[in-house]
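For reference, the chains in residue letters:
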Amino acid sequence: MAKEYSGSPKPHQLETKRRRLNWIFGVSALCILFYVLGAWQTTTTPLSDVYARVSCNINSPLNPSTLPSSSSVAVLDFDSHHQIEINDSTSVIKFPSCDMSMSEYTPCQDPLRGRKFDRDKLKYRERHCPKQEELLHCLIPAPPKYKTPFKWPQSRDYAWYDNIPHKELSIEKAVQNWIQVEGERFRFPGGGTMFPNGADAYIDNINELIPLTSGTIRTAIDTGCGVASWGAYLLKRDVLTMSFAPRDTHEAQVQFALERGVPAMIGILASKRLPYPARAFDMAHCSRCLIPWPKYDGMYLIEVDRVLRPGGYWILSGPPIHWKKYWRGWERTKEDLKQEQDAIEDVAKRLCWKKVIEKNDLAIWQKPINHIECNKSREVYKTPEICKPSNPDTAWYKDMETCITPLPGVSSSDEVAGGALEKWPERAFALPPRITSGSLSGVTQEQFHEDNEQWKDKVTNYKRVIGLLPKGRYRNIMDMNANLGGFAAAMSKYPVWVMNVVPVHSNQDTLGVIYERGFIGTYHDWCEAFSTYPRTYDLIHADNVFSLYQNRCDITYILLEMDRILRPEGTVIFRDTVEVLVKIKSITDGMKWNSQITDHESGPFNPEKILFSVKNYWTGEPGESKKRQH
């Protein structure tokens, strides 16, 4: 017989269900409780609280006291997760000050070291870096009376004498109005060897011959730049110039340029390629730069051709241009000057350049937009040959060549090789041709746009946390690992310029993309010193630089190099893993820097963190220098 079913559970079944529900609720409550406690213990002070403690007054310069103190932000304990040996905070290594004779030390362009190298092709003025045992383990001092540089735009015209105590140029170039001494400061009237009426008037003359202000020309290179007045006055026309000059008898040219807030590097056309990619610059310029253009089978003009964009311009003023008027003042014969100009004209023609115009003191040539006709002309001009296929962007310690760098192929004679560019300012956020063509593998159009949006958010966060970009506070900025140039693009609305550095050890060579966006930069190996003077950057941005280099060289020397090129009270922003940042902080604590690790802008659960550092103001002591022999 079947069992009778009443439809109601037995009492013991109800009890079992009740116990099971109680157990489930209890475990759930404990899980929630421990999750909340864990999040509370491992989360730093909310960013809004940090912002309140950090000076966000855009009119107040950042100083060490504006960073959140170690007691005001909860310290995260990552001891059980370290994969890098961390220095004990109780045994921080204190770095001493170097001798005052090192105040303007440029490690890889040291005149003493340069004397040991070949003078042929001026090789002795190229980069020659110290060996490991020669590296300094001390902090480069500022001059005893060092002052905070003038803020931009005043800095374009003025600099403190005590910051660069050299009157040589004001004496040697007195007639040419490069520099004038006015009491405790220098004044830069905008003069130059070929600028009798000032750089502004000289640039206006160029603008009458080629379209400088239409947005077509954005990036320029100035070889043998002097104090970079040409680049300084092009800025108001939205043309960004990479100015370079060697460290030579005209003391501190590049140092003056950077003190003025104008982009510049120590560099020279000698035997190695310039550290820039192919097709980088819309315009190249030489104003009495004393480069022997026709020598060595036209090698230096061939190098200019490599870095010049299709359709780009080369401008030459000074010897031998307009030699019929100036030959006596140049102390050369008419025959010698005519022969030099004829030789330059011949090299330019063999490079397939078209002479646009020669008027008064200026001569201008234009590179073709593609090589269809140039390839045909090789039947007439056997030299220089077109280079065999190779990577034209390879430029770090790469010997110059005497063959023409081939342009990317095109399907018609009116097509721009490598792709046409948008005009400035649209160019900054437009898709670069290297990405649309697929020549930069691994980077899609979507990734490019996403990168831009991320950097807008990151820069907004920087502005909140450290009061970034008050009027003139920051001018010279370096991005040590620039990737696609997103940081520079996000900063382009502020009155700053960014030196975008692409490390030679990067997985991707993105410097060509950066130039296509209308920004400037250079290749570099951060195991070596950068080609600049001490105290030339206001802010340095280091995005995962140390993860890239921690197994390549001692990161202590990278940090010491950053200290060398950073101005007193300058700022550094590091982005990296916690392990790497803690290692960095253990070193910078002994470098007279104040530092604080904060959360990623997306929140505490992002494994990437940010380290904000400020270099303290300090100077060398007067009278402590032991004179170096130059």
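Residues numbered from 1 in each chain as written. Predicted model: local features only at pLDDT ≥ 70, side-chain atom pairs only at ≥ 80, totals over all residues. Heavy atoms only, no water.

The chain carries the name S-adenosyl-L-methionine-dependent methyltransferases superfamily protein in an unreviewed UniProt entry, which gives Melia azedarach as its organism.

Caption draft 1: Broad picture of the sheet that holds strand β14 (residues 537-543). Here seven strands make up an open sheet; going across it, the order is β13-β12-β11-β14-β15-β17-β16 and the pairing mixed. The outermost strands of the open sheet, each flanked by one partner alone, are β13 (521-524) and β16 (593-599). Looking at each pair of strands side by side, their axes are set apart by 20 degrees on average, direction ignored. Note that strand β11 (residues 476-479) and strand β12 (residues 497-503) share four bridges and pair parallel. Bridge pairing in β12 links Asn-476 to Trp-497. Contacts between helix α13 (residues 445-466) and the sheet are confined to β14, β15 (566-577) and β17 (608-615), with β15 contributing the most and set at about 130 degrees to the helix. The strands touched by helix α18 (residues 578-588) are β15, β16 and β17; relative to β15, the strand with the most contacts, the crossing angle is about 155 degrees. (Pairing = 2+ DSSP bridges. Helix = DSSP H or I, 4+ residues; strand = E, 2+ residues; numbered from the N terminus. Axes fitted to C-alpha atoms, helices over the stretch in contact; angles between N-to-C directions. Contact = heavy atoms within 4.5 Å.)

Caption draft 2: Spatial organisation of the side chain of Thr-106. One can find Thr-106 in the loop between α2 (47-53) and α3 (111-114). Relative accessible area serves as the criterion here: at 1%, Thr-106 is assigned to the buried category. (Buried < 20%, exposed > 50% of the residue type's maximum accessible area, 1.4 Å probe, protein only.)

Caption draft 3: Representation of the packing of aromatic side chains within the structure. For the structure shown, the criterion picks out 22 aromatic pairs. For the ring pair Phe-188 and Phe-256, a centre distance of 5.9 Å and an interplane angle of 70 degrees mean the geometry is edge-to-face. With Phe-188 in the loop between β3 (185-187) and α5 (199-207) and Phe-256 in helix α7 (residues 253-259), the pair connects residues that are 68 residues apart, well separated along the chain. For the pair shown, Phe-188 and Phe-256 are each scored as buried. With centroids separated by 5.9 Å and ring planes inclined at 65 degrees, the aromatic side chains of Trp-455 and Phe-487 adopt a geometry described as edge-to-face. Of this pair, Trp-455 sits in helix α13 while Phe-487 sits in helix α14 (residues 486-491); the two residues are 32 residues apart in sequence, bridging distant segments of the chain. Take Trp-455 and Phe-487: they sit in the same class, and that class is buried. By the ring-pair criterion, three or more aromatic residues cluster together here, those being Tyr-161, Phe-186, Phe-188 and Phe-256. (Phe/Tyr/Trp six-rings, centres within 6.5 Å; stacked < 30°, edge-to-face > 60°.)

Caption draft 4: Examining the pattern of salt bridges more closely. Using the criterion set out here, one finds 32 salt bridges in the structure. A salt bridge links Arg-187 to Glu-182; the nearest nitrogen and oxygen atoms lie 2.7 Å apart. The salt bridge partner of Asp-342 is Lys-338, with a shortest N-O separation of 2.9 Å. Here Lys-338 and Asp-342 lie together in helix α10 (residues 334-350), a separation of four residues that amounts to about one turn. Residue class for Asp-342 comes out partly exposed when judged on its relative accessible area of 41%. One salt-bridge network, held together by shared partners, links Asp-200, Asp-204, Lys-236 and Arg-237. (Salt bridge = Lys/Arg side-chain N within 4 Å of Asp/Glu carboxyl O.)

Caption draft 5: Main features of the side chain of Thr-536. Mapped onto the secondary structure, Thr-536 falls in the loop between β13 and β14. A polar contact of 3.0 Å, which involves the side chain of Thr-536, links it to the side chain of Thr-532. Beyond its immediate chain neighbours, meaning those up to four positions away, Thr-536 contacts Leu-258, Asn-476, Ile-565 and Arg-567. (Polar contact = N/O pair within 3.5 Å; in protein donor to acceptor, adjacent residues only side chain to side chain.)

Caption draft 6: Molecular detail of the nonpolar core. Ranked by internal contacts, the top residues of the largest apolar core, which has 141 residues, are Met-283, Trp-293, Trp-314, Phe-546, Met-562 and Phe-574. Sequence-distant contacts of Phe-546, defined by excluding residues within four places in its chain, comprise Ile-555, Ile-558, Leu-559, Met-562, Phe-574, Asp-576, Val-580 and Ile-584. Core analysis: the next-biggest nonpolar cluster, separate from the first, contains six residues, Ile-435, Val-443, Leu-484 and Val-513 among them. (Core = buried A, V, L, I, M, F, W, Y, C linked by side-chain atoms within 4.5 Å.)

Caption draft 7: Region of interest: empty space enclosed by the protein. One pass over the full model with this rule turns up six cavities of 30 Å³ or more. Its volume calculated, the largest cavity comes out at about 40 Å³. Residue lining of the largest cavity: Ile-140, Pro-141, Ala-142, Arg-535, Asp-563, Arg-564, Leu-566, Pro-568, Lys-615 and Trp-618, and that is the complete set. Taken together, the elements giving at least two residues each to the lining of the largest cavity come down to α17 (555-565) and β15. Of the residues contributing to the lining of the largest cavity, the split by class is six nonpolar, no polar and four charged. (1 Å grid on protein atoms, 1.4 Å probe; cavity = no way out; pocket = protein on both sides within 12 Å on 5 of 7 lines; lining within 4 Å. Points joined across faces, edges and corners; volume = space filled by probe spheres on them. Nonpolar A, V, L, I, M, F, W, Y, C, P; charged D, E, K, R; others polar.)

Caption draft 8: Structural detail: α13. Taking 1.5 Å as the rise per residue, α13 with 22 residues should run 32 Å; its terminal C-alpha atoms sit 32 Å apart, in good agreement. Three or more residues of α13 are buried, namely Phe-448, Asp-451, Asn-452, Trp-455, Lys-458, Val-459, Asn-461, Tyr-462, Val-465 and Ile-466. Two residues or fewer past α13, Gly-467 is found with a positive phi of approximately 60 degrees. (Expected span 1.5 Å × (residues − 1).)

Caption draft 9: Here's a closer look at the state of the cysteines. Counted by the stated rule, this structure contains six disulfides. Across the disulfide from Cys-286 sits Cys-289; the S-S distance is 2.0 Å. Where Cys-286 bonds to Cys-289 through sulfur, the torsion about that S-S bond is close to -95 degrees, and the disulfide is left-handed. Taken as a pair, Cys-286 and Cys-289 share a single burial class, namely buried. Across the disulfide from Cys-387 sits Cys-403; the S-S distance is 2.0 Å. Handedness here is read from the sign of the S-S torsion; for Cys-387 and Cys-403, about 100 degrees, the answer is right-handed. Within this pair, whereas Cys-387 is found in the loop between α11 (372-377) and α12 (433-436), its partner Cys-403 is found in the loop between α11 and α12, the two being separated by 16 residues in sequence. Neither residue differs from the other here; Cys-387 and Cys-403 are each classed as buried. Described in terms of the sequence order of its bonded cysteines, the disulfide pattern of the chain is 1-4, 2-3, 5-6, 7-8, 9-10, 11-12. (Disulfide = S-S within 2.5 Å.)

Caption draft 10: Main features of the pairing of β15. The buried fraction of β15 amounts to ten of the twelve residues, a majority that puts the element mostly inside the structure. Where β14 and β15 come together, six bridges link them in parallel fashion. Paired with Ala-542 across the bridge in β15 is Phe-574. Where β15 meets β17, seven bridges bridge the pair, whose relative direction is antiparallel. Each residue of the ladder has a partner; that of Thr-571, found in β17, is Val-614.

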